[in-house]
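# Breakdown of the fold
Here is what each chain is made of, one letter per residue.
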Amino acid sequence: RTYSKELLEEYEAKGYEYNGQKMTEYEALQAQRQIERHIRRWKRENMAMAAAGKDTAESAGKLRQWQAAEKDFLAQTGLKKQSARSAVAGWDRKQAAHASAEGRRMQQWANELFDLGNPHANLKKYLREKPVIDTLEAHGVKYIQRISRTEVIVDTGRPRITGLTFHAAENQQQRLDRVDMTQEAAQGFVDQAKLTLYQIDRRNLKFLAEGGYAVLNFEHKLVTAVPQKWRHKYDKYLEEG
């Protein structure tokens with residue numbers, strides 16, 4: 001087949017724009033197809049989890065995220081929604097309503113936890129952090145704010161230390177700088193903590209006080225206690241709090 005010069009120019013023209021990026025009609029349609037594939041994927045995931053009697057919250061949140069992305073994409077580009085392309089066999093009104101309700105609840109939690117400028121960004125952040133949030137909630141700890149790749153500010157109150165781990169006992173006996181780091185001294189760090197962190201890579205809770213810090217596991221056993229002056233790199237988080 002041959003195409004006229006005008007038709008080729010029209011086809012190759014970057015007449016669509018999304019988030020500041022110019023796109024041809026072909027590029028825009030490909031982007032639309034990708035969003036539709038994600039919607040289908042999370043519908044199937046939601047149905048599979050429901051059929052297995054497992055938690056469907058994450059798949060409902062992901063579905064809401066991609067449906068919001070589709071709405072935004074269509075609004076910016078002017079393309080028409082093609083519902084048939086995101087349809088999945090077996091996905092009925094009941095399942096759609098249940099997933100929508102779960103998605104709204106997750107959006108509410110995301111908005112309460114994050115303030116990134118728009119609900120879509122809040123939900124995206126929440127879903128990325130959900131494994132950590134779920135781990136903390138399972139142990140009665142509240143997620144507050146991530147401050148690094150491995151540290152999250154949390155709220156776990158002032159727990160009582162239930163005992164010593166082997167590591168803590170060994171440190172007391174073998175390290176001169178830890179001789180005075182008894183369970184009572186560590187409890188003082190916990191009680192006077194200015195900031196509490198969850199160490200993701202170690203699955204520990206770190207209580208930072210003015211004169212040192214205590215690290216507990218989720219069972220509130222002492223992992224280690226260290227005499228150390230307050231590190232001022234954490235000051236800004238106290239101010240934000």
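Just above sits the structure.
First, a word on what this report is: a plain description of the structure on this page.

### Focus: the packing of helix H3 (residues 57-77) against helix H5 (residues 119-138)
- Their axes nearest at 10 Å, the elements H3 and H5 cross at an angle of 150°. Regarding the angle of H3 to H5, the classification is roughly antiparallel. Considering only the axes of H3 and H5, their crossing is left-handed. Where H3 abuts H5, its residues Glu58, Gly61, Lys62, Arg64, Gln65, Ala68 and Ala69 lie against His120, Leu123, Lys124, Leu127 and Lys130.
- Considering only residue class, the contact of H3 with H5 consists of four nonpolar, three polar and five charged.

### A few points about the environment of alanine 75
- Here alanine 75 is to be found in helix H3.
- Exposure remark for alanine 75: the relative accessible area of 64% places this residue in the exposed category.

### A look at the nonpolar core
- Formed by 30 residues in total, the largest nonpolar core has its most connected members in Leu136, Tyr143, Val154, Tyr198, Leu205 and Leu222.
- When residues of this core are traced back to their parent elements, those giving at least two are helix H4 (93-113), H5, strand S4 (151-155), helix H7 (183-191), strand S7 (204-209), strand S8 (212-216) and strand S9 (221-227).
- Top element by residues in this core is H5. It accounts for six residues.
- Residues within four places of leucine 205 in sequence aside, it is in contact with Val141, Val154, Thr156, Leu197, Tyr198, Ala214, Val215, Leu216, Asn217 and Phe218.

### What to know about the sheet that holds strand S5 (residues 163-164)
- Taken in spatial order, the seven strands line up as S3-S4-S6-S7-S8-S9-S5 in an open sheet, and their pairing is mixed. The open sheet is flanked by strand S3 (142-146) and S5, the only strands paired with a single partner.
- When S3 meets S4, the two strands line up antiparallel, connected through four bridges. Within the sheet, the bridge partner assigned to lysine 142 lies in S4 and is aspartate 155.
- Across the face of the sheet, H5 comes into contact with S3, S4 and strand S6 (195-199) while running at roughly 145° to S3.
- Across the sheet, H7 is in contact with S5, S7, S8 and S9; its angle to S8 comes to roughly 100°.

### A few points about unusual backbone geometry
- Here arginine 203, not a glycine, exhibits a phi torsion of approximately 55°, which is positive.
- Looking at the secondary structure, you find arginine 203 in the loop between S6 and S7.
- Its relative accessible area of 42% is what places arginine 203 among the partly exposed residues.
- Phi at histidine 220 takes a positive value of approximately 65°, unusual for a residue other than glycine.
- Locating histidine 220 in the fold gives a position in the loop between S8 and S9.

### Details of the side chain of serine 59
- Examined against the element boundaries, serine 59 turns out to sit in helix H3.
- Note on serine 59: relative accessible area 3%, which makes it buried.

### Looking at the packing of aromatic side chains
- Per the counting criterion, the structure on display carries four aromatic pairs.
- Taken together, a centroid distance of 4.8 Å and an interplanar angle of 70° make the contact between tyrosine 18 and phenylalanine 73 edge-to-face. On the criterion of sequence distance, the pair formed by tyrosine 18 in strand S1 (residues 16-18) and phenylalanine 73 in helix H3 is long-range, its members being 55 residues apart.
- Here the guanidinium or amino end of lysine 194 rests over the ring plane of tryptophan 230, the centre of that ring lying 4.2 Å away.
- The side chain of lysine 206 reaches across the aromatic face of tyrosine 213, ending 4.3 Å from its centre.

What counts, and where the lines are drawn
Residues numbered from 1 in each chain as written. Predicted model: local features only at pLDDT ≥ 70, side-chain atom pairs only at ≥ 80, totals over all residues. Heavy atoms only, no water. Axes fitted to C-alpha atoms, helices over the stretch in contact; angles between N-to-C directions. Helix = DSSP H or I, 4+ residues; strand = E, 2+ residues; numbered from the N terminus. Parallel < 35°, antiparallel > 145°, perpendicular 65-115°, else oblique. Left-handed = near helix turned anticlockwise from the far one by under 90°. Contact = heavy atoms within 4.5 Å. Nonpolar A, V, L, I, M, F, W, Y, C, P; charged D, E, K, R; others polar. Buried < 20%, exposed > 50% of the residue type's maximum accessible area, 1.4 Å probe, protein only. Core = buried A, V, L, I, M, F, W, Y, C linked by side-chain atoms within 4.5 Å. Pairing = 2+ DSSP bridges. Phe/Tyr/Trp six-rings, centres within 6.5 Å; stacked < 30°, edge-to-face > 60°. Lys NZ or Arg CZ within 6 Å of the ring centre and 35° of its normal.

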